[in-house]
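Now for the letters of each chain:
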Amino acid sequence: MKQEITRLRTVMKEHGLDGYLVPTTDFHGSEYVNDYFKCRQYLSGFTGSNGTLLVTEDDARLWTDSRYFIQAAKQLDGTGISMMQCQQPGVPEIEDYLPTIAGEGFKLGFDGRIVSFQNGEKYAASCEVVYDLDLVDEIWENRPAIKASKIYALPDSVTGEKADSKLSRVQKALAEDGVDYHLITSLEDIAWLFNLRGDDVADTPVFFAFALLTPKDARLYILDESFDTALVPVGVTVLPYLQIFEDLKTLSRGKCLLNKRLVSYALMLSIPETVEVIHGAGPIELMKAIKNSVEIAATRHAHIKDGAAMANFIYWLKKNAGKMEITEVSASEYLKQCRYAQDGLIELSFETMAGYGVNAASIHYDTQLGHPCYLKDEGLLLVDSGGQYIDGGTTDITRTISLGTLTREMQEHYTMVLQAYLALEHAQFTAETTGRELDQLPREKVKAAGSCYQYDTGHGVGHILSVHEGPRMIGPTDNHMLPGMITSNEPGIYIEGSHGVRIESELLCVENPDGSRSFECITMCPLDRAAILPELLTDEELTWVNAYHREVYQKLAPLLEEDIKRWLAEETKEITR
């Protein structure tokens with residue numbers, strides 16, 4: 001049993017608690033969190049970006065999703081913590097599990113500032129909750145401090161719309177819907193609304209803040225005490241970060257729009273009962289998801305620079321694998337150096353995931369896990385990575401790279417994934433087509449491999465913001481793709497104990513002259529010709545691949561040194577049967 005769990009149980013007993021719950025988020029429902037908020041990781045040792053830990057007097061369980069089943073099994077081994085595989089047959093969710101252990105008088109504790117109201121409400125349905133306790137803070141010696149980064153403004157040349165215009169649009173929408181207050185806790189929404197960025201969360205250029213809007217005024221609550229108020233539109237009141245908890249208590253009668261999935265349990269309970277709460281994502285989510293022409297142009301520019309970094313990396317990898325000592329970790333570090341060599345890179349958009357051989361079968365493999373895995377001149381390396389560019393946007397790309405000799409099965413699986421990828425990239429659809437219907441197009445192509453990837457085929461991508469952006473698009477959803485939206489396209493095949501294949505690019509939804517919709521691939525990076533079996537591709541698929549490679553060469557070659565340019569010319573030359 002981990003000593004951290006033992007110490008937690010000691011303070012639980014002191015507070016009269018039968019259970020304590022720790023999710024993976026911050027005061028804002030963020031996916032990636034500042035070190036200060038890595039409480040679940042501190043207690044369990046599990047480093048994935050998704051997971052909720054429940055500790056009772058004689059048991060400890062961690063719920064996580066399919067991306068992390070293999071990783072969690074390894075990291076939890078020997079800790080005394082059981083893994084609960086979310087959305088798998090026979091595995092109850094936390095709110096369903098609690099009633100099975102919560103007898104009369106059972107008290108569940110959690111820090112209500114980091115548990116969403118949506119979840120807290122479910123927990124409170126089966127037991128008494130105590131939501132004002134941060135027990136991890138009581139036992140975490142030398143806990144990283146929570147401190148503000150410097151907030152800075154983005155230029156109009158990158159955003160395409162001034163903050164006062166955005167604010168006016170949002171306030172107009174609130175007035176039309178009869179909303180008196182709009183509580184915004186999403187860091188990405190606030191950063192987008194005010195055209196501001198920061199460095200409070202790793203891999204996402206945002207800053208700690210809350211916002212409270214009415215149809216006529218706006219309040220911005222920030223942690224950065226040195227903030228220059230001239231960076232926000234005239235009339236926006238800037239206030240201390242945690243004052244939001246007290247200000248909510250003073251709201252007069254009216255309707256308050258908020259997102260229960262992101263607003264914390266503690267924040268929600270600060271709102272007077274006389275205020276009618278309306279649950280919804282709010283107008284910003286859709287406004288932010290539909291990129292304007294300036295954002296789209298900047299994003300295309302970012303992908304060309306990012307593609308050059310990827311080309312430099314793949315060239316180095318293919319040239320040196322098996323000839324020099326390269327591990328998954330050192331390969332990831334080299335790719336990071338390639339990105340930082342590009343002008344305008346702020347940071348990575350997430351920690352690079354590089355899985356070689358059997359490790360690539362773990363969908364979101366943590367490169368830092370276990371012993372170094374040395375790359376040979378054979379097999380496949382799956383690399384999922386991206387960058388944040390100040391003059392461009394946010395990139396997310398996966399390429400599975402052949403390092404030498406491949407088995408026939410590996411090539412077949414790579415080609416199947418390529419066909420699945422092309423099925424979505426070249427889809428023609430109507431305004432009525434749902435994300436659920438689009439999601440089925442690539443899945444049909446990989447069924448023959450007997451491996452059904454357990455995640456959405458595509459997620460939205462922010463503009464110099466989160467690499468994972470709502471609303472949910474290409475998955476089991478009835479939402480629709482709208483022109484200007486950017487989504488990932490990332491089907492895969494994962495064979496545990498053998499290999500994994502994933503191809504991922506970003507797609508821009510465009511409207512055609514006849515009113516139909518389609519996708520434009522804006523990621524510029526070659527596919528791996530050595531892994532493709534041309535005889536399995538249709539004539540149309542082969543034409544698509546060759547046309548894409550011509551575009552990749554045309555756009556990347558001017559940014560590359562001569563030897564890498566020659567390699568890229570070979571890598572993108574026409575594929576024939």
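Fair warning: this is a prediction, and the values are worked out from it, not measured in the lab.

The rules we used
Residues numbered from 1 in each chain as written. Predicted model: local features only at pLDDT ≥ 70, side-chain atom pairs only at ≥ 80, totals over all residues. Heavy atoms only, no water. Helix = DSSP H or I, 4+ residues; strand = E, 2+ residues; numbered from the N terminus. Rg over C-alpha atoms; globule rule 2.2 N^0.38 Å. Contact = heavy atoms within 4.5 Å. Lys, Arg positive; Asp, Glu negative; His and termini not counted. Charge placed at Lys NZ, Arg CZ, Asp CG, Glu CD. Pairing = 2+ DSSP bridges. Axes fitted to C-alpha atoms, helices over the stretch in contact; angles between N-to-C directions. Buried < 20%, exposed > 50% of the residue type's maximum accessible area, 1.4 Å probe, protein only. Salt bridge = Lys/Arg side-chain N within 4 Å of Asp/Glu carboxyl O. Polar contact = N/O pair within 3.5 Å; in protein donor to acceptor, adjacent residues only side chain to side chain. Arc of directions from axis to C-beta. Expected span 1.5 Å × (residues − 1). Phe/Tyr/Trp six-rings, centres within 6.5 Å; stacked < 30°, edge-to-face > 60°. Lys NZ or Arg CZ within 6 Å of the ring centre and 35° of its normal. Parallel < 35°, antiparallel > 145°, perpendicular 65-115°, else oblique. Nonpolar A, V, L, I, M, F, W, Y, C, P; charged D, E, K, R; others polar. Core = buried A, V, L, I, M, F, W, Y, C linked by side-chain atoms within 4.5 Å.

(A) Inspection of the overall build of the protein at higher detail. Looking only at helices and strands, one finds 18 helices and 26 strands in the protein. The globule rule puts the C-alpha radius of gyration for 577 residues at 25 Å, and the 24 Å found for the protein is close to it. The principal-axis extents of the C-alpha atoms in the protein amount to approximately 70 × 55 × 45 Å. Counting only contacts in the protein whose residues sit at least 6 apart along the sequence, the fraction spanning at least 24 positions is 68%. Side-chain charges of the protein comprise 53 positive and 86 negative groups, with the mean position of each set lying 2 Å from the other.

(B) Up close: the sheet that holds strand β3 (residues 60–64). The 6 strands are arranged β4-β3-β2-β1-β5-β6 in an open sheet whose pairing can be described as mixed. Each edge of the sheet is formed by a strand with only one pairing partner; in this case those strands are β4 (82–85) and β6 (128–130). When the angles between neighbouring strand axes are averaged without regard to direction, this sheet yields 25°. Along the sheet, helix α1 (residues 3–14) makes contact with β1 (19–22), β2 (52–56) and β3, crossing β2 at roughly 60°. In the packing of helix α4 (residues 94–101) onto the sheet, contacts are made with β1, β2, β3 and β5 (107–109), and the angle to β2 comes to roughly 5°.

(C) Geometry of the side chain of D26. Structurally, D26 can be placed in the loop between β1 and α2 (39–44). One buried charged side chain, D26, makes no salt bridge at all; its nearest oppositely charged neighbour is R143, positioned 11 Å away. Among the polar contacts listed, one links the side chain of D26 to the backbone nitrogen of H28, at a separation of 2.8 Å. Here the side chain of D26 touches G29 through a polar contact of 3.3 Å, landing on its backbone nitrogen. Among residues more than four places away in sequence, those in contact with D26 are Y32, V33, F37, R113, I114, L187, V201 and F208.

(D) Here's a closer look at the environment of Y42. As for its placement among the helices and strands, Y42 is situated in helix α2. The class of Y42 is buried, set by a relative accessible area of 17%. Spatially, the C-alpha atom of Y42 lies 49 Å from that of K573, the residues being 531 residues apart in sequence. For Y42, the contacting residues outside a window of four places in its chain are K2, E4, R7, V136, I139, W140 and E141.

(E) Geometry of α4. Among the residues making up α4, those that are buried are I94, Y97 and L98. Down the axis of α4, the buried set is contained in an arc of 110°. They therefore lie on one face. Its buried side turned inward, α4 meets β1, β2, β3, β5 and α5 (117–124).

(F) Here's a closer look at the sheet that holds strand β16 (residues 353–356). Strands sit in the order β16-β17-β19 across an open sheet of 3 strands; the sheet is antiparallel. The open sheet terminates on both sides in strands that have one partner only, identified here as β16 and β19 (397–402). The mean angle between the axes of side-by-side strands here comes to 10°, regardless of whether they run parallel or antiparallel. Pairing of strand β17 (residues 380–385) with β19, which is carried by 6 bridges, proceeds in the antiparallel orientation. Directly across from L382, in β19, lies its bridge partner T400.

(G) Expanded view of helix α15 (residues 408–425). If you check α15, its first and last C-alpha atoms are 25 Å apart, about what 18 residues at 1.5 Å a residue would give, namely 26 Å. The element α15 is extensively covered by neighbouring structure, given that 15 of its 18 residues are classed as buried.

(H) Focus on the packing of aromatic side chains. Across all of its chains, the model carries 20 aromatic pairs by this definition. Ring centres of Y42 and W140 lie 4.5 Å apart, and the angle between their planes is 10°; on these two criteria the pair is classed as stacked. One end of the pair, Y42, is in helix α2; the other, W140, is in the loop between α6 (135–139) and β7 (152–153), and 98 residues separate them in sequence. Residue classification places W140 among the buried residues on the basis of a relative accessible area of 13%. With 5.7 Å between their ring centres and 20° between their planes, F117 and Y265 make a pair best called stacked. Of this pair, F117 sits in helix α5 while Y265 sits in helix α11 (residues 265–268), placing them 148 residues apart in sequence. By the burial criterion, F117 is buried, and Y265 matches it. Ring-pair connections join several aromatic residues into one group, and the members of that group are F27, Y36, F37, F208, F210, Y241 and F245. Of note, R143 hangs over the ring of Y36, and the distance from its end group to the ring centre comes to 3.8 Å.

(I) Quick peek at the environment of V136. Along the chain, the position of V136 falls in helix α6. V136 sits 98 residues away from K38 along the chain, and the two C-alpha atoms are 9.9 Å apart. Among all residues touching V136, those that are not within four sequence positions of it are Y20, V22, C39, Y42 and L43.

(J) Representation of the packing of helix α17 (residues 539–556) against helix α18 (residues 562–571) in the model. Packing of α17 against α18 leaves a shortest axis separation of 9 Å and a crossing angle of 170°. Judged by the angle between their axes, α17 and α18 are roughly antiparallel. Listed contacts from α18 to H549, V552, Y553 and L556 of α17 are K565, L568, A569 and E571. The class makeup of the residues in the contact of α17 with α18 is 5 nonpolar, 1 polar and 2 charged.

(K) Quick peek at the pairing of strand β25 (residues 505–511). Within β25, 5 of the 7 residues are buried, which leaves it mostly tucked inside the rest of the structure. Bridging between strand β22 (residues 486–489) and β25 involves 4 bridges; their strand directions are antiparallel. In the strand pairing of β25, T487 is matched with L507. Across 5 bridges, β25 lies against strand β26 (residues 517–521) in antiparallel orientation. Counterpart to C509 in the pairing with β26 is F519. Between β25 and β26, which pair antiparallel in sequence order, lie 5 residues; one of them, G515, sits at a positive phi of approximately 95°.

(L) Structural context of the nonpolar core. Formed by 76 residues in total, the largest nonpolar core has its most connected members in L108, Y123, L183, L193 and I244. Top contributing element to this core by residue count: helix α9 (residues 187–194), with 6 residues. Dropping the residues within four chain positions of it, L108 is found in contact with L17, G19, Y20, L21, L54, L98, Y123, C127, E128, V129 and V130. Ranked by size, the runner-up nonpolar core spans 73 residues in total, among them C525, L527, I532 and L542.

(M) Just the side chain of T52, in detail. Looking at the element boundaries, T52 is found in strand β2. In this structure T52 touches L21, V22, P23, R61, L62, W63 and I94, once residues within four positions along its chain are discounted.

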